[in-house]
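Geometric and topological summary
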Amino acid sequence: MKYRNLGTTNEKLSAIGLGCMGMSFAYGPTDEKESIATLERALDLGINFWDTADMYGNGANEELISKVLVPNRDKVFIATKFGFRFKDEIAGPSGTANTYFDGSPEWIKLAVEKSLKRLGIDTIDLYYAHRVDPNIPIEETVGAMAELVKEGKVRYLGLSEASPASIIKANTVHPIAALQSEYSLLTRDVEQEILHTVRKLGISLIPYAPLARGLFSNSLNLEDLASDDFRRTLPRNQGEHALNNAHLVANFSLVAKDKNCSPIQLALAWVLAQGNDIIPIPGTKKRKYLEENVGALDVQLSNDDLKKIDEILLKYPNIGARYSEGAMALVNH
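The paragraphs below set out a description of the structure included in this document. Everything quoted here is computed from the prediction, not taken from an experiment. (Residues numbered from 1 in each chain as written. Predicted model: local features only at pLDDT ≥ 70, side-chain atom pairs only at ≥ 80, totals over all residues. Heavy atoms only, no water.)

1. Examining the packing of aromatic side chains
Applicable threshold: Stacked, tilted and edge-to-face are the three classes applied to pairs of Phe, Tyr and Trp rings, where Trp contributes its six-membered ring and a pair requires centres within 6.5 Å; stacked means planes under 30 degrees apart, edge-to-face means over 60, and tilted covers the rest. Put simply, DSSP H or I for four residues or longer makes a helix, DSSP E for two residues or longer makes a strand, and each gets a number counted from the N terminus. Partly exposed residues are those whose accessible area sits between 20% and 50% of the maximum for their type, while under 20% is buried and over 50% is exposed, using a 1.4 Å probe and protein chains only. Ring-over charges, as used throughout, are those where CZ of Arg or NZ of Lys falls within 6 Å of the ring centre and within 35 degrees of the ring normal.
For the structure on display, the rule yields five aromatic pairs. Ring plane angle 65° and centroid distance 6.0 Å describe the contact between Phe 49 and Phe 77, whose orientation is recorded as edge-to-face. One end of the pair, Phe 49, is in strand 4 (residues 49-51); the other, Phe 77, is in strand 5 (residues 77-82), with 28 residues separating them in the sequence. Both residues of the pair, Phe 49 and Phe 77, belong to the buried class. The interplanar angle of 85° and the centroid separation of 5.2 Å between the aromatic rings of Phe 84 and Phe 101 together place this pair among those described as edge-to-face. Of the two residues, Phe 84 sits in strand 6 (residues 84-86) while Phe 101 sits in strand 7 (residues 99-101), which places them 17 residues apart along the sequence. The exposure class of Phe 84 is buried, given its relative accessible area of 9%. Ring pairing ties together the aromatic residues Phe 49, Phe 77 and Tyr 156, which thus form one cluster. Just above the ring of Trp 107 sits the side chain of Arg 85; from NZ or CZ to the centre is 3.7 Å.

This is the structure:
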């Protein structure tokens, strides 16, 4: 395993982290036995950076992770998030339709205690605001998060899907170690201003969905997905966008074949190649995909490879939005 620094800290995080959401939430049926085996395999492979959130399965994901985290506490740098709350006790089928966002200091104090209890630990390594609350100044949210650091409940602070202005304001209240945003070959919004901002401030970028939610597997078939699988609702998997993306991935797969790697590995290698301050967290709930992801570390990309990939993206631009209109409303505040 290769390791990268978290922000300006000396924390060494595995260059590929593990997104745990799908083990409990949004991606169809769960399999606790295989998920636990995947977490244990991650330890074997040296993947010490695990990512979860209190909303994944309404706390179920944190509880699942705790079964492997607690006996291996010294081997894992654990990140979790707060902010999304469910209108009812049970999460809606598409994951976000039944939620609202709460970035208030009052909720933060409650949320961290709940997460600590579910995870079975005394201190969270990296605590993110899952979004920026449009109704509450980011300084208030981060001020409350900073109190958790003083109390020893949290070590480092992060933001998710924040705008450059919010990142700068937040960082004046307390150092921000990480920004988690969607970033992949198909989602490159952060390259406009956000990446420049975090680099100027010494903040690591933590890309989620670096494989475009399975699109680069070259085998994503909506008909094979469970009826409650979140990916069924995404614009990229509908109509003309789906057709465009099928052609894009087919061409991309030819480049992967030339590189003697899988499309997944090539897509992940591209993200890794964008800078040592970038630590992607591809999600999986199966050991075989975890092992495939780690293989991306062995894929070296030349300037010619990067040029070929850019040409494919230019040839098939009609990729579609990454979220529904409703979900996009909470991005980049």
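And the narrative resumes.
2. Some details on the pattern of salt bridges
The criterion, for reference: Any Lys or Arg side-chain nitrogen located within 4 Å of an Asp or Glu carboxyl oxygen qualifies as a salt bridge.
As enumerated under the stated definition, the model contains 18 salt bridges in all. Close ionic contact of Arg 155 with Glu 11 constitutes a salt bridge, the shortest N to O distance being 2.3 Å. One end of the pair, Arg 155, is in strand 9 (residues 154-160); the other, Glu 11, is in the loop between strand 1 (3-5) and strand 2 (12-14), and 144 residues separate them in sequence. Notably, a salt bridge pairs Asp 102 with Arg 85, separated by 2.8 Å at the nearest N-O pair. One end of the pair, Asp 102, is in the loop between strand 7 and helix 3 (105-119); the other, Arg 85, is in strand 6, and 17 residues separate them in sequence. By relative accessible area, which is 12% here, Asp 102 ends up buried. The exposure class assigned to Arg 85 is partly exposed, which follows from its relative accessible area of 25%.

3. Brief notes about the pairing of strand 10 (residues 176-182)
To be explicit about the condition: When DSSP locates at least two bridges between a pair of strands, those strands are taken to pair. Orienting the strands away from the viewer, one traces the path from the first strand over the helix to the second; a clockwise path indicates a right-handed crossover.
The buried count for strand 10 comes to seven of seven residues, which makes it a mostly enclosed element. Relative to strand 10, strand 9 is paired through four bridges, and the arrangement is parallel. Within the sheet, the bridge partner assigned to Ser 160 lies in strand 10 and is Gln 180. Assessed by its sense of winding, the connection that carries the chain from strand 9 through helix 5 (residues 164-173) to strand 10 is right-handed. Note: strand 10 against strand 11 (residues 204-208), five bridges, orientation parallel. Across the sheet, residue Leu 179 finds its bridge partner in strand 11, namely Leu 205. Regarding the hand of the β-α-β motif, the stretch spanning strand 10, helix 6 (residues 194-201) and strand 11 is right-handed.

4. Regarding the packing of helix 7 (residues 239-258) against helix 10 (residues 303-315)
Selection rule: Between N-to-C directions, angles cover 0 to 180 degrees, with each direction set by a line fitted to C-alpha atoms, over the stretch in contact for helices. By definition in this entry, angles of less than 35 degrees are roughly parallel, angles greater than 145 are roughly antiparallel, angles of 65 to 115 are roughly perpendicular, and the rest are oblique. Here, residues are in contact when the closest pair of their heavy atoms is within 4.5 Å. Charged means Asp, Glu, Lys or Arg here, nonpolar means Ala, Val, Leu, Ile, Met, Phe, Trp, Tyr, Cys or Pro, and polar covers whatever is left, Gly included.
For the pair helix 7 and helix 10, interaxial distance at closest approach is 10 Å and the crossing angle is 170°. What the angle tells us is that helix 7 and helix 10 run roughly antiparallel. Contacts from Leu 248, Asn 251, Phe 252 and Val 255 of helix 7 reach helix 10 at Ile 309, Ile 312, Leu 313 and Lys 315. Looking at side-chain class alone, the contact of helix 7 with helix 10 contains six nonpolar, one polar and one charged residues.

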